[in-house]
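Observations on the three-dimensional arrangement
If you want the building blocks of each chain, they are given just below.
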Amino acid sequence: MPGALPQQGSPAPAAPGPVAPGPAPTAVAPSRRTAFAEGVDQLRAVATTEPGRLRIIGAVLALLVVAFGAVTAWQATDRAAAADDVLNNSQPLSSAAADIYRSLADANTAASSGFLAGGQETKASRERYEKDIRTAAEKLVLAANNSEPNSRSAETISKLNRLLPEYKGLIERARANNRQGYPLGGAYLRYANATMQTEMLPAAEDLYKTENERLRDDYAHATPYPWAAIALGVLALAALAWAQHRTYVRTNRVLNHGLVAATATTTVVLLWLVIGHSVARAGLNDSYDHGVRSLNVLHDARIASLKARGNENLTLVSRGAETVEVGGEFKDKFDVAYQASMKDLAAGLAAAEDLADDQAGEQPVRAAAASMDVWKERHQQARDADDAGDYQAALSKIIGSKDDEPTGECFDNVDRSLETALKHETLEFEQAAGDGRDAMTGLPAGAAVLAVLGATGAVLGIGRRLSEYR
């Protein structure tokens, strides 16, 4: 049959031709894994086998024991250094600052006493003044050598070093005019006293307070328990106990010598740390309660006695030239200051007697209190004579000879008694603080060595178990 002809108007079929190629599909590159992810996979694969688990356990045990030893050595070293600062740095500097104040105040008192004696200044008064000035200068050098550069203490010491020569110059001018009978000598002495009272003594007192704050900071660093080291030690012991229990359950072996050795060394370090620090803490606390607190109270009492003596002398030097209003009544400025200082002295002596813990500490404080009572009686006699217009009798009661029963004798007795009490309390402090510091001797090095031995024992103990799989 003939093929059908194409209908009119219909398009002829196109001849087949080559097909154009389409876009080629892109290949997706596999994402690259991080080293951490690969490490986690490897660790997971290792942990699926007993040898792998043992290696991980050994590494963790060794790390814990070494970390415990390192933290113990670090915290023990830090506390031992703070305890040594308490004994050999902070407290001696605090006492030196108190001695600076005492020397300056006593020098001012000696200068005013010599002025009251008139042109015939006694040799003893002059020598006492010179000795006090030398002592103050020596203590300033000591404090400067042990203070931190650009610190508050360093600035205070620099100020005192600058003012000390100025004060000495004013005193010499007062002496020169006084010997020639010029009234200008009293003005120079009052100016020198004002420099001492308003600038030098407040600076010395500020230095004393600053060094006391530094002492308290050292105590605060030396006494806290090393909780981080203790916590790591307990954690290491718990991990070692778990590892030994695991070994016993899987092998029925009661002891693993390496793990037992690691446990023993860790236990020794932990007990050494806890007991040693407890003994050190007890010694340091005792040195503060029965040493530093008593020393601070005695220093404050001594400062009060010096202020009282200086104001007592200036009462006669000024002769009522300076007054203050008290309760609507004008009174001599220096006598008012004397009464305030004597109240501080009485309060300080009462506190010192309460803090004294033995007869050797109580006896000098009681002697000082008895001398203070006599001082008050003689001072009142001097004031009564001065108010009655008998200046010479009042002067004899202040700086006269021993036959006149002067107040200066009472002041010297108070000062000597306080010095005796200070020496006793200093010895008690040094003994207690030294015992506290010595309780931590060898702990940092011992903890480091025992930690290394413990870690080695843990690794060898696990290695013993690993050898059974080879």
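Criteria and cut-off values
Residues numbered from 1 in each chain as written. Predicted model: local features only at pLDDT ≥ 70, side-chain atom pairs only at ≥ 80, totals over all residues. Heavy atoms only, no water. Core = buried A, V, L, I, M, F, W, Y, C linked by side-chain atoms within 4.5 Å. Buried < 20%, exposed > 50% of the residue type's maximum accessible area, 1.4 Å probe, protein only. Helix = DSSP H or I, 4+ residues; strand = E, 2+ residues; numbered from the N terminus. Contact = heavy atoms within 4.5 Å. Axes fitted to C-alpha atoms, helices over the stretch in contact; angles between N-to-C directions. Parallel < 35°, antiparallel > 145°, perpendicular 65-115°, else oblique. Left-handed = near helix turned anticlockwise from the far one by under 90°. Nonpolar A, V, L, I, M, F, W, Y, C, P; charged D, E, K, R; others polar. 1 Å grid on protein atoms, 1.4 Å probe; cavity = no way out; pocket = protein on both sides within 12 Å on 5 of 7 lines; lining within 4 Å. Points joined across faces, edges and corners; volume = space filled by probe spheres on them. pLDDT = per-residue confidence, 0-100. Phe/Tyr/Trp six-rings, centres within 6.5 Å; stacked < 30°, edge-to-face > 60°.

Looking at the nonpolar core
Counting 74 residues, the largest nonpolar core has Leu 104, Leu 345 and Trp 375 as the members making the most contacts within it. The element best represented in this core is helix α2 (residues 50–116), accounting for 15 residues. Non-local contacts of Trp 375, meaning those with residues more than four positions away in its chain, are made with Ser 305, Ala 308, Arg 309, Glu 312, Tyr 338, Met 342, Leu 345, Thr 407, Cys 410, Phe 411 and Val 414. Counting 15 residues, the second largest nonpolar core, distinct from the first, contains Leu 54, Leu 61, Ala 243 and Ala 458.

A look at the packing of helix α9 (residues 359–387) against helix α10 (residues 391–399)
Each pair of packed helices can be described by the angle between their axes along with the distance between the axes. With their axes 7 Å apart at the nearest point, α9 and α10 run at an angle of 165° to one another. The pairing of α9 with α10 is recorded here as roughly antiparallel in orientation. As α9 runs across α10, the sense of the crossing is left-handed. In this structure, α9 uses Arg 378, Gln 381, Ala 382, Ala 385 and Asp 386 to contact α10, whose residues at the interface are Tyr 391, Ala 393, Ala 394, Lys 397 and Ile 398. Among the residues making up the contact of α9 with α10, the classes are represented as six nonpolar, one polar and three charged.

With respect to the layout of surface pockets
The space that makes up the largest pocket amounts to roughly 990 Å³. Forming the walls of the largest pocket are 35 residues, and the residues nearest its centre are Arg 102, Asp 106, Arg 128, Asp 412 and Asp 415. Listing elements by their share of the lining of the largest pocket, those giving two or more residues are α2, α3 (123–146), α7 (257–318), α10 and α11 (407–438).

A few points about the environment of Leu 273
Summarising the element assignment, Leu 273 is placed in helix α7. Taking relative accessible area as the criterion, Leu 273 reaches 2% and is therefore assigned buried. Between the C-alpha atom of Leu 273 and that of Gln 75, which follows or precedes it by 198 residues, the distance is 9.8 Å. In this structure, Leu 273 is in contact with Thr 72, Pro 226, Ala 229, Ile 230 and Leu 443, ignoring residues within four places of it in sequence.

Some remarks on the packing of α3 against helix α4 (residues 152–179)
Where α3 meets α4, the axes come as close as 10 Å, and the angle between the chain directions of the two elements is 165°. One way to sum up the angle between α3 and α4 is to call them roughly antiparallel. Between α3 and α4 lies a crossing whose hand is left-handed. In this structure, α3 contributes Arg 126, Tyr 129, Glu 130, Ile 133, Ala 137, Leu 140, Ala 143 and Ala 144 to the contact, and α4 contributes Ile 157, Leu 160, Asn 161, Leu 164, Tyr 167, Lys 168, Ile 171, Glu 172 and Arg 175. In terms of residue class, the contact of α3 with α4 is made up of eleven nonpolar, one polar and five charged.

Concerning the confidence of the model for the chain
With 87% of its residues at a pLDDT of 70 or more, the chain has an overall mean of 83. Within the chain, no element has a lower average pLDDT than helix α1 (residues 35–47), which sits at 65, and none a higher one than α9, at 91. Under a pLDDT of 50 for its full length, residues 3–10 has, in the predicted model, zero contacts with residues more than four places off or in other chains.

As for the packing of aromatic side chains
Each aromatic ring pair is specified by the distance between its two centres and by the angle formed by the two planes. Per the counting criterion, the structure on display carries four aromatic pairs. Measuring from ring centre to ring centre gives 5.5 Å for Tyr 225 and Trp 227, while their planes differ by 45°; the resulting arrangement is tilted. The class of Tyr 225 is partly exposed, set by a relative accessible area of 27%. Ring centres of Trp 375 and Phe 411 lie 5.9 Å apart, and the angle between their planes is 65°; on these two criteria the pair is classed as edge-to-face. One end of the pair, Trp 375, is in helix α9; the other, Phe 411, is in helix α11, with 36 residues separating them in the sequence.

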